[in-house]
Amino acid sequence: MSDDQRDQTPAEPAAQAAAPAGPQPEPIRFFGTTWVEHDGGYALRRVGLAIGSLATAVSAAVLLRLSYEGLEIGNVGPFLSISVVVLFAIASSIAFTKTWASYSRRPAPSSDEAALKGLKTIGFIGSLIAYFLRCLGEAPGEKLRRAEYESARVEYARRRSSRTGNPATRRPKRKK
């Protein structure tokens, strides 16, 4: 780097912008924090993600149909063919139920979510459909995060308003 280039580099800001006081909203995947004020292309993102998840679910169903036809061509027998269909139907319904429930409450720390991860992977079509349906009304998980954010803001405001000054300058309480 030449001396001229060093002289032209902007100086680093002496004081970084102070972080805003109070609780900050938790970002949602694909939405960031636009869900708070519904700005920054929020509606467009919801529409795009709804269409994308529905298109992915439809294409996955077509792929499953083609694999089922491959089983039929392979003449594996009715038991295996029916078992595959039933397995995907059950896995998809469980994945739908678990995904839908995850948008309205946080899982318990000792829950069985890790054990169901494989089953949810097999039933990914159910998860995609749940994501599509939730995108029609709101960002997935928005209601839960909004409730948590609002309660954190109320709690923060309550804590801030109850302060009366610097506690170090208070006189000690008189003993009786």
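A few points on the structure. (Residues numbered from 1 in each chain as written. Predicted model: local features only at pLDDT ≥ 70, side-chain atom pairs only at ≥ 80, totals over all residues. Heavy atoms only, no water.)

1. Focus on helix H3 (residues 78–102)
Where we set the bar: Where helices and strands are cited, they refer to DSSP runs of H or I of at least four residues and of E of at least two residues respectively, numbered from the N terminus. By definition here, a helix of n residues has an expected span of 1.5 Å times n minus one. Only protein chains enter the area calculation, which uses a 1.4 Å probe; residues under 20% of their type maximum are buried, those over 50% are exposed, and those in between are partly exposed. In what follows, residue pairs with any heavy atoms lying within 4.5 Å of each other are defined as contacts.
The first and last C-alpha atoms of H3 sit 36 Å apart over 25 residues, in line with the 36 Å expected at 1.5 Å per residue. For H3, every residue scored as buried is listed here: Ser-81, Ala-91, Ser-92, Ala-95, Thr-99 and Ala-101. The secondary structure elements touched by the buried residues of H3 are helix H2 (42–73), helix H4 (117–122) and helix H5 (124–137).

2. Describing the side chain of Ser-127
Tracing the sequence through the fold places Ser-127 in helix H5. According to the relative accessible area criterion, Ser-127 is buried, its value standing at 17%. The contacts of Ser-127, once residues within four sequence positions are left out, are Ala-95, Phe-96, Thr-99 and Lys-120.

3. Looking at the side chain of Ser-81
Definition in use: By the criterion applied in these results, polar contacts are pairs of N or O atoms within 3.5 Å in which, for protein atoms, one can donate a hydrogen and the other can accept it, and in which residues neighboring in sequence qualify only through two side-chain atoms.
The residue Ser-81 is located in helix H3 in this model. In this structure the side chain of Ser-81 is engaged in a polar contact, spanning 3.2 Å, whose partner is the side chain of Glu-72. Those residues within four positions of Ser-81 in sequence are excluded, and the remaining contacts are Tyr-68, Leu-71, Glu-72 and Val-76.

4. Overview of the pattern of salt bridges
Note the following rule: Basic side-chain nitrogens of Lys or Arg form a salt bridge, by our definition, when they fall within 4 Å of a carboxyl oxygen of Asp or Glu.
Evaluated as defined, the whole model comprises eight salt bridges. A salt bridge links Glu-69 to Arg-65, with the nearest nitrogen and oxygen atoms 3.3 Å apart. Residue Glu-69 and its partner Arg-65 are both found in helix H2; the two are separated by four residues, about one turn of the helix. Residue class for Glu-69 comes out partly exposed when judged on its relative accessible area of 33%. A salt bridge links Glu-155 to Arg-158; the shortest N-O distance between them is 2.4 Å. A residue pair is termed a helical-turn pair when its members lie 3 or 4 positions apart in one helix, as Glu-155 and Arg-158 do in helix H6 (residues 142–161) at three residues. Look at the salt bridges and you will find they share partners, linking Glu-26, Arg-106, Arg-145 and Glu-148 into a network.

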